[in-house]
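Structural overview for review
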Amino acid sequence: QVQLVESGGRVVRTGESVRLSCAASGRTINGLAMGWFRHRPGSEREFVAAIIWLGGDAEYYRDSVKGRFTISRDINKNMVYLQMDSLKPEDTAVYYCTATTGGRVTMNVGDYDYWGQGTQVTVSS
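All of the points below concern the structure found in this document. (Residues numbered from 1 in each chain as written. Predicted model: local features only at pLDDT ≥ 70, side-chain atom pairs only at ≥ 80, totals over all residues. Heavy atoms only, no water.)

What follows concerns the pairing of strand β7 (residues 69-74). Here β7 shows a clear split, with F69, I71 and R73 buried on one side and none of T70, S72 and D74 buried on the other. Pairing geometry for β7 and strand β8 (residues 79-84), over six bridges, is antiparallel. Paired with F69 across the bridge in β8 is M84. Count of turn residues in the β7/β8 antiparallel hairpin: four residues, of which N78 carries a positive phi of about 55°. (Buried < 20%, exposed > 50% of the residue type's maximum accessible area, 1.4 Å probe, protein only. Helix = DSSP H or I, 4+ residues; strand = E, 2+ residues; numbered from the N terminus. Pairing = 2+ DSSP bridges.)

Below you can see the structure in the form of structure tokens.
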């Protein structure tokens, strides 16, 4: 079992930045593909970003956040991060940290095995 706890969500204005953290426990995150999903008001839970070790960390993003969001991880601290810059009102959502024991990254919510309880990010106009 892996336990994931997100933190860092807050209320900000358009154009500001937020850094989310995900603390993992139960086992090392080394060997896991890690990701972030979000649930926006009135929408289904959607993929945001994922990271996996492939000789170096390989990162994947949904098109709408490319160039603005950066996913990273610190294996020694068992932590995953999501740096979000140039935030827009449409980024308002509950953000979830997730992990899969599968051998590849995926953008499908059903492929992930472990989930945090979410942290709220609100971006005002």
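Past the structure itself, the notes keep going.
Turning next to the pattern of salt bridges. A full pass over the atoms with the stated rule returns seven salt bridges. One salt bridge connects D91 with R38, and the closest N-O pair in it is separated by 3.0 Å. Of this pair, D91 sits in the loop between β8 and β9 (93-100) while R38 sits in strand β4 (residues 33-39); the two residues are 53 residues apart in sequence, bridging distant segments of the chain. Under the relative-accessibility criterion, R38 is labelled buried at 2%. Note that E46 is salt-bridged to R40, the shortest N-O span being 3.1 Å. With a relative accessible area of 12%, E46 lands in the buried category. Given the relative accessible area of 25%, R40 is considered partly exposed. Through salt bridges with shared partners, one network takes in R38, R40, E46, R62, R68 and D91. (Salt bridge = Lys/Arg side-chain N within 4 Å of Asp/Glu carboxyl O.)

Taken as a whole and assessed by the stated rule, the structure comprises one disulfide. Between C22 and C97 runs a disulfide, and the two sulfur atoms are separated by 2.1 Å. An S-S torsion of about -80° defines the bridge between C22 and C97 as left-handed. Taken as a pair, C22 in strand β3 (residues 18-25) and C97 in strand β9 lie far apart in primary sequence, 75 residues in all. Here C22 matches C97 in class, with each residue buried. (Disulfide = S-S within 2.5 Å.)

Read these as geometric descriptors, not functional statements.
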